[in-house]
Amino acid sequence: MNTKNKLNISVIGWGSGTFNVLYWLKNLDTSFDLNLAAIIAMTDSGWTTGEIRDKYGVLPPGDIRRWIAALAEDTKFVRQLFEYKFEGESWVIWGNKLWNILLSALERIKWDFNEGLKEAHKMFRVKGKVIPVTLEDIHLWVEFEDGTRIIWEKNIDVSDKNPWEKTHNTDQNITDAFLVGAEGKLNPEAFETIVSSDIVILGPGDFYTSIVPNLLSPWMKEALTKTSAKIVYVCNIMADKWETTTYELTDFIDNIEKYIWENIIDYVLVNSWEISQELVDKYKTEWKKPVKCKDDMCFTNKTYKVIERDFLDESDYVRHNPSKLSKALIDIAEGWIK
């Protein structure tokens, strides 16, 4: 008989960092019975997802595959299956990941994106829920410091990688973000999940293309205000040239609060471990730098608690260590961090 208390954890965002946190929490042995939910943005417009979205008018299937795989009973196999590409077939099949085709087919069979996604949950024995932040057809639109506005997620961070596609000066910060197309109203299931959560995690992930699009949906602010959950923001370890070029720690937090109102965040998790000089130099060539607080006065009159710990997973890349992040989250749940 299971006598553990249930702990409802919702993660808002997407990216490899969020995937690793969900995967680790799914397999974590704790004093709680963890009930996990992933709420993800629906602004993906890149490459094969963009093509299948444009041709068939379906909602973007691409980003959801990571979270289905992370929470599936057999993550390794499901991930391999979803990443599989057919070669030498028609343009719809060729080069397209199997998951994109599968979810698009389920949406058409069930005549509803959400119902198709629920079928995928059953097929892959998902331990938890993967929830689109909205069920409306939307795109991301951002504005830079010089006033340039760029629409579609795929155009925001590709200009230095593909110089021939350059549309804007990437040596500056994004100053604002909007949803275009439909209103992007918050999915009622996402609203209910947030309100009933014990912990809501924002991030980790690319700031303006992974986290912020979720916060732009009407009624997201209300959900985060109404919930009694502890709200935890996981700050990026590195500032990203294509989105947050000069950001320091306070810039990340202030801009999160810009979209969800002040005094909603309870905890901010910040890496305090020194990154090796070798990696710092490597990232300098990509115009990326470690995120730091410039002075001791930067958190004056703030209501959130900043948790500075070693969250670093350092190999050839700088990323969050999911084990260390999960430990901090459980410490918050168990009351070790007040």
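Read on for a plain summary of the structure. Since we're looking at a predicted model, the values are computed, not measured. (Residues numbered from 1 in each chain as written. Predicted model: local features only at pLDDT ≥ 70, side-chain atom pairs only at ≥ 80, totals over all residues. Heavy atoms only, no water.)

**Details of the sheet that holds strand E6 (residues 174-181)**
On the basis of which strands lie adjacent, the open sheet formed by 3 strands has the order E5-E4-E6 and antiparallel pairing. Two strands lie at the open edges of the sheet, namely strand E5 (149-151) and E6, each paired on one side alone. Within this sheet the neighbouring strands show an average axis-to-axis angle of 25°, counted without direction. With 3 bridges connecting them, strand E4 (residues 138-144) and E5 associate as antiparallel partners. Looking across to E5, one finds that Glu143 is bridged to Arg149. (Pairing = 2+ DSSP bridges. Helix = DSSP H or I, 4+ residues; strand = E, 2+ residues; numbered from the N terminus. Axes fitted to C-alpha atoms, helices over the stretch in contact; angles between N-to-C directions.)

**Digging into the packing of helix H1 (residues 16-26) against helix H12 (residues 322-333)**
One can describe the packing of H1 onto H12 by two numbers: an axis separation of 9 Å at closest approach and a directional angle of 65°. Pair H1 / H12 crosses with right-handed handedness. The segment H1 lies against H12, with Asn20, Val21, Trp24 and Leu25 engaging Pro322, Ser323, Leu325, Ser326 and Leu329. Taken together, the residues of the contact of H1 with H12 break down into 6 nonpolar, 3 polar and no charged. (Left-handed = near helix turned anticlockwise from the far one by under 90°. Contact = heavy atoms within 4.5 Å. Nonpolar A, V, L, I, M, F, W, Y, C, P; charged D, E, K, R; others polar.)

**Brief notes about the pairing of strand E10 (residues 267-271)**
Counting buried residues in E10 gives 5 out of 5 residues, a clear majority hidden from the surface. With burial as the criterion, each face of E10 is covered, one bearing Tyr267, Leu269 and Asn271 and the other bearing Val268 and Val270. Bridging between strand E8 (residues 230-234) and E10 involves 3 bridges; their strand directions are parallel. Looking at the pairing, Val234 lines up with Leu269 of E10. Where E10 and strand E12 (residues 305-309) come together, 5 bridges link them in parallel fashion. Opposite Val270, over in E12, you have Glu308 as the bridge partner. (Buried < 20%, exposed > 50% of the residue type's maximum accessible area, 1.4 Å probe, protein only.)

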